Amino acid sequence: MTVRRRFTLSILLAALTWPGAMLLAQSPSNVPTLAALSQLRWEYRVLLVFDEAPARDDTALLREQATAFRERDTLWFVVRDGEVQSNYPGPLAEGFGERGLRGLARGERVVLIGKDGGVKLRTSSLDIAGVFALIDGMPMRRREMRERGSEGKR
């Protein structure tokens with residue numbers, strides 16, 4: 001076997017055995033199809049809202065705060081009747097809501113997950129201002145604000 005062929009085979013084998021390899025299918029817009037929250041780790045904070053009441057429209061409230069969520073590197077997912085609405089810029093894998101999110105509720109309606117993948121908040125009501133205050137108090141967010149302020153970004 002040539003060195004080049006062995007190298008190619010090694011790369012292919014590594015790609016197939018990497019835990020998230022099969023989850024990162026590329027969408028036409030080059031944004032990965034989201035199949036697991038672990039794909040977002042270290043890039044985004046995640047706000048999960050489990051919306052059981054048919055008359056409630058948390059999605060509209062969250063959309064109104066698009067800029068604030070973007071500034072905080074926060075993606076939100078509203079799960080209602082197995083369907084998911086989100087500000088994630090790409091497609092969600094089939095069954096993402098039931099398979100990927102439902103187990104995180106544990107009886108709470110709102111869950112905030114930090115960039116490190118740890119749960120930062122579990123509560124029964126959505127308080128967007130409170131969520132932003134909690135995020136803004138996190139050490140990583142404070143560092144981001146300092147860095148972005150000095151660089152004039154976002």
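The numbering scheme is per chain: residues are counted from 1 as the chain's sequence reads. Reporting of local features is limited, given that this is a predicted model, to residues whose pLDDT is at least 70; pairs of side-chain atoms are given and counted only at 80 or more, and all residues count toward the totals for whole chains, interfaces and linings. No hydrogens and no water enter the side-chain calculation; it runs on all heavy atoms of the structure.

1. Focus on the confidence of the model for the chain
(1) Moving on: Confidence of the prediction at every residue is given by pLDDT, a number between 0 and 100. On average, residues of the chain carry a pLDDT of 78, and 71% of them reach 70 or more.
(2) Moving on: Here a helix means four or more residues in a row that DSSP labels H or I, a strand means two or more in a row labelled E, and each is numbered from the N terminus. Here helix α1 (residues 3-17) stands out as the least confident element of the chain, with mean pLDDT 38; helix α5 (residues 128-136) is the most confident, with 97.
(3) Moving on: Should any heavy atoms of two residues lie within 4.5 Å, those residues are counted as being in contact. When the criterion is pLDDT under 50, residues 2-28 qualifies, and its contacts beyond four places in sequence or with other chains add up to 17 contacts.

2. Comments concerning α5
(1) Moving on: Relative accessible area decides the class of each residue, using a 1.4 Å probe on protein chains only: under 20% of the type maximum gives buried, over 50% gives exposed, and in between gives partly exposed. The set of residues buried in α5 consists of I128, V131, F132 and I135. One side of α5 holds all its buried residues, which, seen down the axis, span an arc of 100 degrees. Projecting away from the buried face of α5 at angles above 90 degrees are the exposed residues A129 and A133. Each direction from the helix axis to a C-beta atom contributes to the arc, which is the arc of those directions.

3. Let's talk about the sheet that holds strand β1 (residues 45-50)
(1) Moving on: Spatially, the 5 strands line up as an open sheet ordered β3-β2-β1-β4-β5, and their pairing is mixed. Each having just a single partner strand, β3 (83-86) and β5 (119-123) make up the two edges of the open sheet. In this sheet, adjacent strand axes meet at a mean angle of 15 degrees when their direction is disregarded. Strand pairing follows a simple DSSP-based rule, namely that at least 2 bridges must link the two strands. Helix axes are fitted only over the stretch in contact, all axes being lines through C-alpha atoms; the angle between N-to-C directions runs from 0 to 180 degrees.

4. Some thoughts on the side chain of D73
(1) Moving on: Mapped onto the elements of the fold, D73 is located in the loop between α3 (66-71) and β2 (74-80).
(2) Moving on: A polar side-chain atom of D73 sits 2.6 Å from a polar atom in the side chain of R148. Polar contacts, as counted here, are pairs of nitrogen or oxygen atoms within 3.5 Å of one another; within protein the pair requires one atom able to donate a hydrogen and one able to accept it, and residues that are adjacent in sequence qualify only if both atoms are side-chain atoms.

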